[in-house]
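These are the residues of each chain, in order.
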Amino acid sequence: MSASFILDGRSIAFAEGQTIIQAALAAGVYIPHLCYHPEFKPHGSCKLCTVKVGGRQSASCTTLAQAGMVVESDTPALNDERRTLTQMLFVEGNHFCPSCEKSGDCKLQATAYDLGMMSAHFDHFFPSRPVDASHPDVLLDFNRCILCSLCVRASRDVDGKNVFALSGRGIKTHLIVNAKSGRLADTDVSLQDKALHVCPVGVMLRKDKGFTVPIGRRVFDLKPVSAYVDASAAIEKDQETVSALSKRSPI
Ligand code: FES
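Rules used throughout
- Residues numbered from 1 in each chain as written.
- Predicted model: local features only at pLDDT ≥ 70, side-chain atom pairs only at ≥ 80, totals over all residues.
- Heavy atoms only, no water.
- Helix = DSSP H or I, 4+ residues; strand = E, 2+ residues; numbered from the N terminus.
- Buried < 20%, exposed > 50% of the residue type's maximum accessible area, 1.4 Å probe, protein only.
- Expected span 1.5 Å × (residues − 1).
- Contact = heavy atoms within 4.5 Å.
- Phe/Tyr/Trp six-rings, centres within 6.5 Å; stacked < 30°, edge-to-face > 60°.
- Lys NZ or Arg CZ within 6 Å of the ring centre and 35° of its normal.
- Core = buried A, V, L, I, M, F, W, Y, C linked by side-chain atoms within 4.5 Å.
- Salt bridge = Lys/Arg side-chain N within 4 Å of Asp/Glu carboxyl O.

Could you clarify how one ought to interpret the environment of Met 69 in this entry?
Inspection of the secondary structure assignment puts Met 69 in the loop between strand S4 (56–59) and strand S5 (70–72). Its relative accessible area of 10% is what places Met 69 among the buried residues. Each C-alpha atom of the pair Met 69 and Ile 20 lies 9.9 Å from the other, and the pair is 49 residues apart in sequence.

Rendered as structure tokens:
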């Protein structure tokens, strides 16, 4: 008999070494998350996946499942906190959803809808974050970065390039590229890089294709983020559709 723990009153089986979120998603139980991606080591930064384990808060993407543990996730109090964190992400950057190419394929937007976020609540910071349009194929729009580090992890762990990094501390933390000039055009990034596919928001956009999958038929137009077992894979699949329809290499 496999080991199990209790999540919101339901028994969840897990394999040794699995985290709470891995076991939950494998069992078809959604726990909100932004920086977690099934293909990468957890970063534990967004805190959307916070659950209560034995009454104490813990990030479910970095906490190993243990037999007999009692976990709460889908509670009004935890969802309130997740909504607040999401609102903070919206005001900390500049997220213009109606004009964003990633609208409908964006995990931040989808998570906000799923959590019932009706407004940003807090005052907007309106930070100045110039876009990097130096690369011939890829536009970097830092306005939408939520500092999940997925592009950093993908570039380092899959592409072996270290094109991206997070720099600074606290509120000054920001995404940078590995070039003295600070321009993406001066890195060795290529359209095939995993790093360009894993962004859960709309930072990395290919230049010559837009709205190839029409609004209304995108991943989170079809069903809410909580209904996907692996929303990250679903987003990437939509991006592959863009690639398949394109003469050029994918993003
Ligand atoms: Fe766990 Fe972001 S998904 S901290």
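That covers the picture; the talk isn't over yet.
Quick question: what am I supposed to make of helix H2 (residues 76–92) here?
The terminal C-alpha atoms of H2 lie 24 Å apart, and with 17 residues this matches the ideal 24 Å at 1.5 Å per residue to within 8%. Taken residue by residue, H2 has Leu 78, Asn 79, Arg 82, Thr 86, Gln 87, Leu 89, Phe 90, Val 91 and Glu 92 as its buried positions. In the core, the buried residues of H2 are packed alongside strand S3 (50–53), S4, S5 and helix H3 (107–114).

Explanation requested: the packing of aromatic side chains in the structure shown.
Two measures describe an aromatic ring pair: the distance that separates the ring centres and the angle between the ring planes. Under the definition given, this model contains 2 aromatic pairs. Where Phe 5 meets Phe 14, the ring centres are 5.9 Å apart and the plane angle is 50°; that geometry is what we call tilted. Accessibility expressed as a relative area gives 1% for Phe 5, which makes it buried. Aromatic side chains Phe 220 and Tyr 228 sit 5.6 Å apart centroid to centroid with 85° between the ring planes, which places their arrangement in the edge-to-face category. Owing to a relative accessible area of 13%, Phe 220 belongs among the buried residues under this scheme. Lying across the ring of Tyr 228, Lys 223 places its NZ or CZ 4.6 Å from the centre.

Would you mind showing me how to read helix H4 (residues 150–157) here?
Residues that lie three or four places apart on an α-helix share one face, since the helix turns once every 3.6 residues. Extensive coverage of H4 is indicated by the burial of 6 of its 8 residues. Turning to H4, its buried residues number three or more, namely Leu 150, Cys 151, Val 152, Arg 153, Ala 154 and Ser 155. Contacts made by the buried residues of H4 are with strand S7 (164–167), strand S8 (174–177) and strand S9 (204–206).

Quick question: what am I supposed to make of the nonpolar core here?
When a protein is soluble and globular, its nonpolar side chains tend to lie buried together. Core analysis: the biggest nonpolar cluster contains 37 residues, and Leu 108, Leu 140, Phe 164, Leu 175, Leu 184, Val 203 and Met 204 have the highest contact counts within it. In terms of residue count, the dominant contributor to this core is H4 (4 residues). Grouped together as the second largest cluster of nonpolar side chains are 20 residues, Ile 31, Cys 49, Ala 65 and Met 69 included.

Honestly, the pattern of salt bridges in this entry has me stumped. Any pointers?
If charged atoms from side chains of opposite charge come close, those side chains can pair. Throughout the structure, instances matching the rule amount to 9 salt bridges. Ionic pairing is found between Asp 157 and Arg 156, a salt bridge with its closest N-O pair at 2.7 Å. Using a relative accessible area of 42% as the deciding quantity, one classes Asp 157 as partly exposed. Residue Arg 156 is classed as partly exposed on the basis of its relative accessible area, which comes to 42%.

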